[in-house]
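Residue-level listing of the chains:
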Amino acid sequence: MRLKVRHQTTYSYARAAQSAIQTLRMTPRSSDSQFVRRWRVEIDADARLDRDEDAFGNITHTVFVVGPVSHIKVTIDGEVDTTDANGIVSGT
């Protein structure tokens, strides 16, 4: 089965923020039962986006936004192919 994912988070500030740092844990990994075909993380502000891995092996993205900024929109867009593994998670 192919899953198409689109997620959007918007941060709005009453007073403009001088800067912002956010760690995102929204990127899946390929494994025995899923294959990440396409994945994109977009930020609508002047930002630096660093990809990393946490202590559990999860893919993370840290967003560093230089202000002043009154809103930030994070958009995740991707496709993942999955196969039925009868509820067993392996290869993660």
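Use the structure listed above.
Residues numbered from 1 in each chain as written. Predicted model: local features only at pLDDT ≥ 70, side-chain atom pairs only at ≥ 80, totals over all residues. Heavy atoms only, no water.

Visitor: Can you help me understand the overall build of the chain in this one?
Guide: Helix and strand counts for the chain come out as 0 helices and 4 strands. The order of helices and strands in the chain, counted from the N terminus, is β-β-β-β. Relative to the compact-globule value of 12 Å for 92 residues, the chain shows a C-alpha radius of gyration of 16 Å, a clear excess of over 25%. Considered along the principal axes of its C-alpha atoms, the chain spans approximately 50 × 25 × 20 Å. Scored against the burial criterion, the 92 residues of the chain give a buried share of 28%. Taking all contacts inside the chain whose residues are at least 6 apart in sequence as the whole, residues at least 24 apart take part in 75%. For the chain, the distance from the average position of its 12 positive side-chain charges to the average position of its 12 negative side-chain charges is 5 Å. (Helix = DSSP H or I, 4+ residues; strand = E, 2+ residues; numbered from the N terminus. Rg over C-alpha atoms; globule rule 2.2 N^0.38 Å. Buried < 20%, exposed > 50% of the residue type's maximum accessible area, 1.4 Å probe, protein only. Contact = heavy atoms within 4.5 Å. Lys, Arg positive; Asp, Glu negative; His and termini not counted. Charge placed at Lys NZ, Arg CZ, Asp CG, Glu CD.)

Visitor: Whenever I open this one, the side chain of T27 confuses me. Can you help?
Guide: Mapping T27 onto the fold places it in strand β1 (residues 2–27). A polar contact of 3.3 Å, which involves the side chain of T27, links it to the side chain of W39. A distance of 3.4 Å separates the side chain of T27 from the side chain of H61, its partner in a polar contact. In this structure T27 touches W39, V41, I59 and H61, once residues within four positions along its chain are discounted. (Polar contact = N/O pair within 3.5 Å; in protein donor to acceptor, adjacent residues only side chain to side chain.)

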